[in-house]
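Results of the structural survey
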Amino acid sequence: MKKTGKPIRVLIAKPGLDGHDRGAKMLTLGLRDEGMEVIYTGIRQTSESIVETAVQEDVDVVGLSSLSGAHNYYFPEIADMLKGKGLNQVLVIGGGIIPPDDVASLKEKGIKGIFGPGTPIKEVATFIRENI
Amino acid sequence: MEANTEELVKGMLGGSVVCLAKLITQVENDGADVPEIMKMIAPHLGRAYYVGITGAPGVGKSTLTDALVAIARGKGLSVGIVAADPSSPLHGGAVLGDRIRMEQHFLDKEVFIRSMATRGNYGGLPRSTGNVVKLLDAFGKDMVIVETVGVGQTELGITEVADAIVLVLSPESGDSIQFMKAGIMEVADVLVVNKADHGNPEGIVFELKTMLRMSADSSREETAILMTQALNRIGIEELYQALEKCRQGKKCGQLLGQLANKEQPAHKE
């Protein structure tokens, strides 16, 4: 549900024990430069803390980053929990090290876009603008 | 007014965090229903103590807020936080990075944190801050903490929304001449020298005391000056007590009153 003319609010979050946050920080900065308001939670968040932050900050987008192989667990769990809070309109996207074989099933589970290493920020920004 | 807005207000007054968050968005976006929202919540205001935390970038405002919230929670108070960061003048984007210092409170149901970008407003806070704190008040928060962007000397928007203002300094914040300058030094109710495990905080405290003693307004001498180490949770109970004293005493909001008499701030209701 786009708020016309107002900045898009994005939450960039890293669930689980993965501490590799360079990609998440790059995306935070890149989406900032695309005119979005970006909240970054920092590393080692739980699904609960990410969802609670998304609720309080009333974000349009939740971007999840995982490089530790836990994406099949965390990404769908967070997408489900957001729906459980009634936040059906929030766009959930993911990035990090996601094997190509996992992408289809993640998309089925509500992770609308998956962006791996090397994706231009513009591509992510465009995807967000077209899908919120 | 959209039917949805009325439902949101009812939901918020009934304790729904989702409704509160969505109302803040409406207020932040200067939506058409804002006057109606403010009218509907007006009977529910007056409970919260509005505390402003301001100071230069990197002095520890967010970490101090985090530590202060822990103390307030220990005393059974519910807390709302509005944490501001700057919007880019180039493209309007923002990184809202205050919340990251407050991680210990993420799952506490009695703590609500909202990050806001200034969206072109000067003065250290978004234009909508005054209405957002009212929403948190109406929601039932006992204490609402407003953290400004990292400010310079003349960003005084906080005087329009806070009952008490904490100015956070660091041991490298300057000398007596800096503290004599007009602006932010004049509006603080509590002066905090954070990062007191670095440099020479006692020197700063001495200079601040001297400055206050020289003031023509003798009540300025009563301004609390504290040394804290927010990261190590040192001096925070003292800060809470200073704010408590401020709330009960005559000192608090006095300067605010003087300011208000001179000029009615544009976005204060």
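Because the structure is a prediction, the values reported are computed rather than measured.

Before going further, it helps to examine the confidence of the model for chain B. Residue and element names in this part refer to chain B. Averaged over all residues, the pLDDT of chain B equals 91, while 92% of them reach at least 70. Across residues 253-260, confidence stays below pLDDT 50; counting only partners more than four residues off in sequence or on other chains, it has six contacts. Here the predicted complex carries an ipTM of 0.94, next to a pTM of 0.92.

Time to look at the sheet that holds strand E1 (residues 9-13) of chain A. One key point about sheets: their strands pair by backbone hydrogen bonds, in either a parallel or an antiparallel sense. If you trace the six strands from one edge of the open sheet to the other, you get E5(A)-E4(A)-E3(A)-E1(A)-E2(A)-E3(B), paired in parallel fashion. Taken across any chain shown, the strands that pair with only one partner, and hence form the sheet edges, are strand E5 (113-115) of chain A together with strand E3 (94-96) of chain B. If you compare each strand with its neighbour and ignore which way they point, the axes differ by 25° on average. As judged from the four bridges shared by E1 of chain A and strand E3 (residues 61-66) of chain A, these two strands associate in the parallel manner. Across the sheet, residue Val-10 of chain A finds its bridge partner in E3 of chain A, namely Val-61 of chain A. Contacting E1, strand E2 (37-40) and E3 of chain A, helix H2 (residues 47-57) of chain A crosses the sheet at an angle of about 165° to E1 of chain A.

Once that is clear, we can look at the confidence of the model for chain A. Of the residues in chain A, 97% reach a pLDDT of 70 or more, and the chain-wide mean stands at 94. Confidence scores differ between elements of chain A, with helix H1 (residues 22-33) of chain A showing the lowest mean pLDDT of 96 and helix H5 (residues 121-131) of chain A the highest of 98.

Residue and element names in this part refer to chain A. The N-to-C vectors of H1 and H5 enclose an angle of 65°; their axes lie 10 Å apart at closest approach. H5 is crossed by H1, and the crossing has right-handed handedness. Of the residues in H5, those in contact with Leu-27, Gly-30 and Leu-31 of H1 are Ile-121, Val-124 and Ala-125. Residues that form the contact of H1 with H5 fall into these classes: five nonpolar, one polar and no charged.

Residue and element names in this part refer to chain B. Across the sheet, which stays open at both edges, the seven strands sit in the order E4-E2-E5-E1-E6-E7-E8 with parallel pairing between neighbours. In this open sheet, the two strands that pair with only one neighbour each are strand E4 (111-117) and strand E8 (224-227). Within this sheet the neighbouring strands show an average axis-to-axis angle of 20°, counted without direction. Here strand E1 (residues 49-55) pairs with strand E6 (residues 164-169) via five bridges, running parallel.

Counting from both sides, the interface comprises 25 residues of chain B and, opposite them, 26 residues of chain A. The leading source of residues in the side of chain B that touches chain A is helix H2 (residues 17-28) of chain B, at six residues. When the residues that make up the side of chain B that touches chain A are grouped by side-chain class, the tally is 13 nonpolar, eight polar and four charged. Direction of pairing for E2 of chain A relative to E3 of chain B: parallel, over a ladder of three bridges. Paired with Ile-39 of chain A across the two strands is Leu-96 of chain B, which belongs to E3 of chain B.

Moving on, we come to the pairing of E8 of chain B. Residue and element names in this part refer to chain B. As defined by bridge partners, strand E7 (residues 190-193) adjoins E8 across four bridges and the pair is classed as parallel. Following the sheet pairing, Val-192 is matched in E8 by Leu-226. One crossover worth recording links E7 to the parallel E8 by way of helix H8 (residues 201-214), and it is right-handed.

What counts, and at which threshold
- Residues numbered from 1 in each chain as written.
- Chains lettered and ligands numbered in written order.
- Predicted model: local features only at pLDDT ≥ 70, side-chain atom pairs only at ≥ 80, totals over all residues.
- pLDDT = per-residue confidence, 0-100.
- Contact = placed C-beta atoms within 7 Å.
- Pairing = 2+ DSSP bridges.
- Helix = DSSP H or I, 4+ residues; strand = E, 2+ residues; numbered from the N terminus.
- Axes fitted to C-alpha atoms, helices over the stretch in contact; angles between N-to-C directions.
- Left-handed = near helix turned anticlockwise from the far one by under 90°.
- Nonpolar A, V, L, I, M, F, W, Y, C, P; charged D, E, K, R; others polar.
- Right-handed = clockwise from strand over helix to strand, strands pointing away.

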